[in-house]
Amino acid sequence: MINQLLPDGPLPSFSSIEPAQVESALRQLLDQNRAGIAALLSSGADGWDTLVVPIEQMHHRLARAWSPVSHLNGVMNNEELRAAYNACLPLLTAYHTELGQNAELCAAYQRLADREGTTLPPERLKVVENALRDFRLAGVSLPPERKQRFREVMERLATVQARFDENVLDATNAWSRPVADESELAGLPAHVVHRAREAAVAAEQEGWLLALDAPTYQAVLTHASSETLRREFYEAWVTRASDRGPHAGKWDNGPLMAEILALRHEAARLVGFGNFAEYSLATKMARDPAEVLDFLQRLARVSRAAAGREFAELEQYAGRSLSAWDVAHFSERMRHERLQVSEEALRPYFPLPRVLAGLFTVIHRLYGVRIVANPSVEVYHPDVRFFDVLDRDDTLRGGFFLDLHARPKKRGGAWMDECVGRIRLGGNSALPVAYLVCNFSPPAGERPSQLTHYEVLTLFHEFGHGLHHLLTRVDTPSVAGINGVPWDAVELPSQFMENFAWRDEVLPLISAHVDTNDALPHELLERLLASRTFQAGMQTVRQLEFALFDFRLHAEYRPDRPPRIAETLAEVRDMVAVVRPPEFNRFPYSFQHIFSGGYAAGYYSYKWAEVLSADAFGAFEEQGVFDQGTARRFLGSILERGGSRDAMEAFVEFRGRKPDIEPLLRQMGLAA
Ligand SMILES: [Zn+2]
């Protein structure tokens with residue numbers, strides 16, 4: 001039967017995707033997979049070729065079929081497609097839950113591991129080990145009653161986490177601040193004032209109406225001259241969905257936080273872990289809770305002193321002691337006065353075509369691959385271009401869709417996603433294809449889009465993920481590219497790549513004034529480099545406060561007493577914070593990363609991966625940014641290997657030792 005989601009060729013046919021047919025096409029694929037798995041099990045298959053290869057092929061096919069739907073939903077959203085997409089999500093979730101709890105399938109993998117475990121090549125062993133681990137994490141081998149309870153806990157968790165999000169959203173939307181006197185808006189950027197005026201008009205009010213969305217909140221805290229306005233915004237923001245503040249008790253997430261922590265703890269215990277922190281680490285690079293806590297505490301010891309000095313300097317600059325709602329405002333003023341570097345002023349030096357050409361040169365010099373536009377490939381929007389990635393000998397290695405400009409119906413932010421994964425198994429072969437997406441402003445007429453340096457970093461970051469996906473040599477899809485890479489290591493190649501965009505050797509390749517072609521002036525560059533380390537200590541301790549709070553909350557949970565949310569936060573702040581928030585601060589009540597997002601007992605991953613990437617880049621600083629030997633080792637040990645081996649082993653192979661925090665401290669200007 002022909003399935004519209006699976007064209008004959010190697011690339012998706014975007015134009016033949018009919019939203020109305022998507023759900024039935026997906027159902028067909030899922031049913032085929034179910035039937036395929038049942039047939040494998042009834043035949044007693046339990047070998048690499050007879051069991052794992054067909055399953056990998058099925059899931060490669062499913063991922064390839066679903067990828068363009070999910071991608072178009074993100075970048076070319078419309079009602080029909082969104083409806084189709086939303087109808088498919090529960091089908092996929094149900095399929096994966098079913099798979100994870102399929103005891104017969106697990107037993108077949110187990111037989112394979114028992115019989116051939118020691119003789120399987122490392123890549124295959126990793127695939128089998130990951131599968132067995134995921135079965136265990138899904139509660140596959142529990143007795144029926146506990147298996148049922150595990151499912152209930154996970155379902156309830158999904159519901160409660162969604163309610164947590166809704167409360168934050170409702171509380172955010174419920175608050176706004178009317179402004180009658182224009183002088184109160186002093187300092188705010190024109191576009192914020194303009195939006196506030198439009199909001200007032202829409203609400204049939206005089207004056208201006210400031211909403212509590214994140215960009216407005218940030219703008220008020222950073223730029224508003226009025227301390228009263230800043231304080232009101234601060235209070236509204238940090239008491240959202242809590243028992244304090246302007247809507248105290250109305251969307252109180254307090255009971256939900258307690259329930260979420262209890263459910264996570266129960267789920268972790270059901271499948272054999274001591275607590276949820278241990279459960280979280282089962283799929284990560286960090287080995288155990290002690291290693292994570294030790295890591296965070298070491299970073300805290302070094303950055304706390306610097307943060308204290310920076311805060312004292314800031315108060316001296318302000319000429320008074322500062323409250324939590326003053327810090328961003330005076331920091332921005334001091335930064336502006338001392339460094340005189342504005343992102344806007346840098347734009348003309350980074351026209352997009354120049355940045356891209358320079359980036360491709362950097363990639364070529366590092367890894368020998370060439371990136372060449374291929375206009376013959378069907379794209380889904382005129383802004384989008386397709387590029388081939390060619391090896392040293394001009395053989396095709398992969399390709400990517402490049403979608404860089406903001407437009408209506410396109411999700412904000414920047415990301416890399418898999419379009420096609422690499423596979424070479426049992427007569428099935430495909431080269432990796434990626435989507436690389438940013439939201440830069442579009443070209444204005446004949447003038448190319450011009451980037452801020454921050455946007456240049458974003459582009460390098462996403463290309464780091466892209467290279468991880470595209471340069472993989474792994475043949476088995478579930479551990480090829482970024483698949484199977486632990487959450488706390490997956491940002492290594494991306495953050496690593498950002499480092500190049502700060503270097504003297506690279507900036508001349510990616511910058512040239514849009515009108516004069518002049519190089520980036522040296523003193524502008526110096527100020528840009530200085531801005532990288534501005535208040536690095538304060539920024540670090542803030543991240544550490546979140547990470548320590550998150551991790552300790554999950555690691556120290558005990559079912560025989562109420563969760564110590566406020567107490568844990570206070571203890572962590574005693575240890576790391578330099579800015580002491582007021583008593584009414586209820587920041588955990590809207591901390592979505594850990595209560596409703598994917599970062600539960602995993603917020604430390606941000607810093608963990610920063611250490612890895614800075615340390616990996618340190619090897620290039622030692623040997624030269626374009627040193628061939630170093631680049632070849634990074635390619636061979638990290639980029640090409642994907643998730644096919646242990647992340648720590650891969651790092652040690654590249655660096656010759658375990659990760660060290662010193663290079664990150666140096667990079668941030670925090671080294672002793
Ligand atoms: Zn990233």
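Residues numbered from 1 in each chain as written. Predicted model: local features only at pLDDT ≥ 70, side-chain atom pairs only at ≥ 80, totals over all residues. Heavy atoms only, no water.

Asker: Give me the coordination of the zinc ion: which residues, what numbers.
Answerer: Taken together, the protein ligands of the zinc ion are His 461 (NE2), His 465 (NE2), Glu 491 (OE) and Glu 491 (OE), with distances of 2.1 to 2.7 Å. Sequence positions of the donors to the zinc ion reduce to the motif H-x3-H-x25-E. Pair noted here: His 461 is in helix H16 (residues 453–470) and Glu 491 is in the loop between H16 and helix H17 (492–498), with a separation of 30 residues, a long-range link. By relative accessible area, His 461 is classed as buried at 13%. (Donors = N, O, S within 2.8 Å, 3.2 Å for Na, K, Ca; no water. Helix = DSSP H or I, 4+ residues; strand = E, 2+ residues; numbered from the N terminus. Buried < 20%, exposed > 50% of the residue type's maximum accessible area, 1.4 Å probe, protein only.)

Asker: Quick rundown of the nonpolar core? Include the residues and the values.
Answerer: Counting residues in hydrophobic clusters, the biggest one holds 146 residues, and the most contacted among them are Phe 350, Tyr 367, Phe 400, Leu 459, Phe 463 and Phe 500. Apart from residues lying up to four places away in sequence, Phe 463 is in contact with Leu 356, Leu 359, Phe 360, Ile 363, Phe 400, Leu 402 and Leu 436. Counting residues in each nonpolar core, the second largest holds 62 residues, with Val 22, Ala 84, Ala 113 and Ile 423 among its members. (Core = buried A, V, L, I, M, F, W, Y, C linked by side-chain atoms within 4.5 Å. Contact = heavy atoms within 4.5 Å.)

Asker: Pulling in residues and values, what's your account of the packing of aromatic side chains?
Answerer: The relative placement of two aromatic rings is captured by the distance of their centres and the angle of their planes. Here the structure, examined in full by the defined rule, presents 43 aromatic pairs. Over the ring of Phe 276 we find Arg 264, and its NZ or CZ is 5.5 Å from the ring centre. For the cation-ring pair, Arg 411 lies above Trp 415, with the distance from its terminal atom to the ring centre recorded as 4.1 Å. (Phe/Tyr/Trp six-rings, centres within 6.5 Å; stacked < 30°, edge-to-face > 60°. Lys NZ or Arg CZ within 6 Å of the ring centre and 35° of its normal.)

Asker: Summarise the sheet that holds strand S5 (residues 396–405); cite the residues concerned and give the values.
Answerer: Spatially, five strands are ordered S3-S4-S5-S9-S6 in an open sheet, and the strand pairing comes out mixed. A single partner strand is all that each edge strand has here, and the edge strands are strand S3 (370–373) and strand S6 (415–420). The sheet shows a mean angle of 30° between the axes of neighbouring strands, taken without regard to direction. Pairing of S3 with strand S4 (residues 385–390), which is carried by four bridges, proceeds in the antiparallel orientation. Across the sheet, residue Ala 373 finds its bridge partner in S4, namely Phe 387. In this fold helix H15 (residues 352–367) packs onto S3, S4, S5 and strand S9 (433–440), with an angle of close to 155° to the strand it touches most, S5. The strands that H16 touches are S4, S5, S6 and S9; relative to S9, the one it contacts most, it runs at about 170°. (Pairing = 2+ DSSP bridges. Axes fitted to C-alpha atoms, helices over the stretch in contact; angles between N-to-C directions.)

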